Structure formats: C-alpha cells, structure tokens
Amino acid sequence: MPDRPDVLILMTDQLNPYCLGYAGDPIVQTPHIDSLATEGVVFNAAYTVCPVCMPARASFISGLYPHNHLHWRNYTDRTFPEDLAVMFRDIRDAGYFTAKIGKCHFFNPGWGEDFEAYADYYQAIGFEYTEETTGPYMTPFHKSNYTRHLKKLGLLDAYQKDLADRFEQGQYIVRPSPLPPDEHNDAFIGRRAVEFIENAPEDRPVCLFVSFPGPHPPLDAPGKYATMYDPADVQLPPNATEISKKGETTNLDGLRQMRANYYGKIKLIDHWIGQIIQAMHNRGTWDNTLSFFLADHGEHLGAHGNLGKGRFFEESARIPFLIRWPNQISAGHQTDAL
C-alpha cells in the first residue's frame, strides 16, 4: 500500500447537528459516527456557507461562496462550471485515485436523463470513478444505477408511487418506506461504497467521497428503522413549537413522531458508515486514513417553529464536522474555533 493516507469523506444531507450521540442527543444511537468523534477532532462551530443543498455543495467543491460561484438555488439546468470545481481535480493530480458515490448534486440532469451520460463531466471535475444518485424526490425524474437496481428487483414502481404521494401530502408525512432496509437509497450508497473499497486500487492512495441522500426528508425510515425509536421517548428541544401551515397544525406529539423516524434514518446511515469503516480495515489502511464526516446543512425539526432548512438558525446553518487521522491529529479533541 502507498505511504500516503487514503482519504475518506462522508457527507450526509440535511443532518441536524444536535441529532447525534456524540453531540449529546439522549436517544439516537450513532456508535460508528461517535467513534470518529472520539478518535478525532470535533468542530463545535462548523457552519455551512448556505443552508440549501446545491449552493452548499458547489461551495464544498470550489472553495467559493455562493455570491462568487453563483449557484444560488437547488434547481438549475447547468452543470457547475468545470474550471471552478477544483477540489477533486487537484487531489487526483496529486496522485490519488478519486471516486464519488451518492448524491453529489453539482447539477440537475434534464428530465429523464441518465447520470451515466455525464461521465465526461465527472472526469473533467476530477473523478476517476463515479456512481451518482439523486435525492429521493428526484428519483422518478432521472435514471441512475439505483433506479435500474430497484427496477430489476421489481421495487421501482412502488417506491416512485410512495414518493409521489408524499410529494402531494407533504415531505414530513411519517410513514415507513415501501423498500426493505437493504434497498433503501442510503443502504444502496453504503453498499456500493463498500464494494468500491473492496476493489479499490492498491498501488495508489484513494480519495473516496461518499454522499448519503439522508436523513433528508421524506421521513421514510425503512423496516425496523421505522420503529426503532419510540416517539414517546423523544425529548424535544426547548425551542420546539407547534407548526401551523396552510391550515394544518403539527403539534408536539407530531414533532416527536417526525424526530423518531428521522432518528431511524440516521441510525441506518450510521450502520453503513460502520460497514465502510470495516471495509477500510479490511483494505489495511484504516489506521492511515484521513477521514471527514460532515453535512451540507442542517434541519430544524420543529425548532423555532420550523421544518426543513434555509434559515440561519443553529439547527439549519450549523453542521456536524469531524476529522480523524491517527497519529497525526489528537484523538478526543474538541474545538470551538469557527
């Protein structure tokens, strides 16, 4: 194996920074994410540059603020400019085998387009291996290896119908996914990441960017993850208030139900992070891997009477951010530096 460290970047989508074990949540169980915290550095004052998916991710890959890169919103028909997407190109040019798996959201394909048609773009921005998926609500409108996988299993129609119903009824309807846990989109991403690591080049260091679509709504924790947390046990933050929109009210019990399902989605992601870590152990490089765990932005989950993102409250604008690098970064360290 090369002497230089492997690099592992684990990104989640719309993860409330308080909803993790190491962050003090008394209910949700995140042992594998917590291990990254205890073995590395916890940044208690990490903030997204924009509490909206695509602008935040464009800043992530470019190092620019939204007012510089001009990706202001989630819906655009243009790819992020190749000349600005320097991050992974620089890493590849430094000799790393670069790969990305999951929802990267640097652009929106056209209606019915296949992510495989953008292979040249991914190469241009620095990736030697790509497996792109969308967030759940865009799944019916684009093609990917994930949609082909569900179609092969005979699950795609039921999944798309469930998403369409949720789109009409509201993103925060609490209902288990029609998919079994191992076929949920977060599980698919985790499994594909493990498979990549098992077959990754051994003569070059690897930089793997794994981007989970969850725990972003819909609130569709699958199977056992939908009932793993009892809403009655959920402790809402003091700033949570009932929410009234379009004539409908979500009371505090409703917020507890939402949060219990959200916890289930986080637990599913944590499970697959554990599988990814084990794959890195098996590769023989885990003790020389520079690892990052973060989110593109947060989620209110009822705080300040809000659901979703887009506002500059702590729950939406602050993100979890961990860095682990054995023998290079002190373990168990916390910092309040911005």
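The paragraphs below set out a description of the structure included in this document.

What counts as what
Residue positions are given per chain, counting from 1 as you read along its sequence in written order. Where totals are concerned, whole chains, interfaces and linings use all residues; where local detail is concerned, this predicted model gives features only for residues with pLDDT of at least 70, and gives and counts side-chain atom pairs only at 80 or more. Side-chain numbers come from the whole structure's heavy atoms, not from hydrogens or water. Note on aromatic pairs: the rings of Phe, Tyr and Trp (six-membered ring only in Trp) are paired at centre separations within 6.5 Å, and the planes decide the class, stacked below 30 degrees, edge-to-face beyond 60, tilted for the rest. Geometrically, a charge over a ring is one whose NZ (Lys) or CZ (Arg) sits within 6 Å of the ring centre while staying within 35 degrees of the ring normal. In this text, buried Ala, Val, Leu, Ile, Met, Phe, Trp, Tyr and Cys residues form a nonpolar core when linked through side-chain atoms within 4.5 Å. Buried means the residue's accessible area, taken with a 1.4 Å probe over protein chains only, is under 20% of the maximum for its type, while exposed means over 50%, and partly exposed covers the values in between. Helix numbers and strand numbers start at the N terminus; a helix is a DSSP run of H or I with at least 4 residues, a strand a run of E with at least 2. By definition in these notes, contact holds between two residues if any of their heavy atoms fall within 4.5 Å. For two strands to be treated as a pair, DSSP must find no fewer than two bridges joining them. For crossovers, right-handed means that the path from the first strand over the helix to the second runs clockwise, given strands pointing away from the viewer. Axes here refer to lines fitted to C-alpha atoms; in helices the fit is confined to the stretch in contact. Angles between the N-to-C directions go from 0 to 180 degrees. In what follows, roughly perpendicular refers to angles from 65 to 115 degrees, roughly parallel to angles under 35, roughly antiparallel to angles over 145, and oblique to any angle outside these ranges. In this classification, Asp, Glu, Lys and Arg are treated as charged, Ala, Val, Leu, Ile, Met, Phe, Trp, Tyr, Cys and Pro as nonpolar, and every other residue, Gly included, as polar. We call a pair of cysteine sulfur atoms a disulfide when they lie within 2.5 Å. Salt bridges are defined by distance alone: a side-chain nitrogen of Lys or Arg within 4 Å of a carboxyl oxygen of Asp or Glu.

**Looking at the packing of aromatic side chains**
Between two aromatic rings, the relevant description is the distance of the centres plus the angle of the planes. If you walk through the whole model with that rule in mind, you get 12 aromatic pairs. It is Lys100 that lies over the ring of Tyr122; its NZ or CZ is 4.2 Å from the centre. A cation sits over an aromatic face here: Lys100 above Phe127, 5.9 Å from the ring centre.

**Some points on the nonpolar core**
In terms of nonpolar packing, the biggest core is built from 66 residues, with Phe196, Leu208, Val210, Ile276 and Phe293 touching the most fellow members. Of all the elements, helix α9 (residues 252-283) adds the most residues to this core, at 14 residues. Setting aside residues no more than four positions away along its own chain, Phe196 makes contact with Phe97, Ala99, Ile101, Tyr129, Val206 and Leu208. With 24 residues, the next largest nonpolar core counts Ile9, Met11, Ala85 and Phe88 among its residues.

**Observations concerning the pairing of strand β4 (residues 129-132)**
Within a regular strand, side chains alternate between the sheet's two faces. Across four bridges, strand β3 (residues 97-102) lies against β4 in parallel orientation. If you follow Gly102 over to β4, its bridge partner there is Glu132. For the crossover from β3 across helix α5 (residues 119-124) to β4, the handedness is right-handed.

**Overview of helix α1 (residues 31-38)**
Because each turn of an α-helix spans 3.6 residues, side chains separated by three or four positions in sequence point in the same direction. Looking at α1, one finds that the buried residues are Ile33, Asp34, Ser35, Leu36 and Ala37. On its buried face, α1 is in contact with β1 (6-13), β2 (41-43), α9, β8 (289-295) and β9 (321-324).

**Things to note about the sheet that holds strand β5 (residues 206-215)**
Overall, mixed pairing links the eight strands, which are arranged β4-β3-β5-β1-β8-β9-β2-β10 in an open sheet. With partners counted over all chains shown, the strands left at the sheet margins are β4 and β10 (333-335), one partner each. Shown here is a sheet whose adjacent strand axes are inclined to one another by a mean of 10°, direction ignored. Bridge analysis of β8 against β9 gives four bridges, and the strand direction is antiparallel. Among the inter-strand pairings, Phe293 is bridged to a residue of β9, identified as Leu322.

**Here's the deal with the packing of helix α6 (residues 145-153) against helix α8 (residues 185-198)**
Remark: α6 packs on α8, axes separated minimally by 11 Å, with the N-to-C direction vectors making an angle of 110°. The orientation of α6 relative to α8 falls into the category roughly perpendicular. Contact residues: Asn145, Tyr146 and His149 in α6; Asn185, Phe188 and Arg191 in α8. Across the contact of α6 with α8, the residue classes break down as two nonpolar, three polar and one charged.

**Notes on the environment of Gln171**
Along the polypeptide, Gln171 turns up in the loop between α7 (156-169) and α8. Residue classification places Gln171 among the partly exposed residues on the basis of a relative accessible area of 33%. In this structure the C-alpha to C-alpha distance between Gln171 and Leu307, which are 136 residues apart in sequence, comes to 9.8 Å. Those residues in contact with Gln171 that lie beyond four places of it in its chain are Tyr137, Arg166, His216, Pro217, Pro218 and Leu219.

**Focus: helix α2 (residues 53-62)**
For α2, the buried fraction is high: 10 of the 10 residues fall into the buried class. Within the span of α2, buried status applies to Cys53, Met54, Pro55, Ala56, Arg57, Ala58, Ser59, Phe60, Ile61 and Ser62. The inward-facing, buried residues of α2 contact β1, α3 (66-69), α4 (87-93), β5 and β8. Directly beyond the C-terminal end of α2, a positive phi value near 80° is found at Gly63.

**Let's talk about the environment of Ile323**
Note that Ile323 resides in strand β9. C-alpha separation for the pair Ile323 and Pro5, spaced 318 residues apart in sequence, amounts to 13 Å. Contacts of Ile323, omitting those with residues within four sequence positions, involve Gly40, Val41, Phe43, Leu290, Ser291, Phe292 and Ile329.

**Structural notes on the state of the cysteines**
Any covalent bond linking the sulfur atoms of two cysteines counts as a disulfide. Enumeration over the complete set of coordinates arrives at zero disulfides. Its sulfur unpaired, Cys19 is 16 Å from the next cysteine sulfur, which belongs to Cys53. Of all cysteine sulfurs, the one in Cys53 lies closest to Cys50, which takes part in no disulfide; the gap is 9.4 Å. Of the residues examined, Cys50 reaches a relative accessible area of 13% and is grouped as buried.

**A look at the pattern of salt bridges**
Across all of its chains, the model carries 18 salt bridges by this definition. Of the charged contacts, one joins Lys100 and Glu132 as a salt bridge, the two residues approaching to 2.4 Å between their closest N and O atoms. Of the two residues, Lys100 is situated in strand β3 and Glu132 in strand β4; the sequence distance between them amounts to 32 residues.

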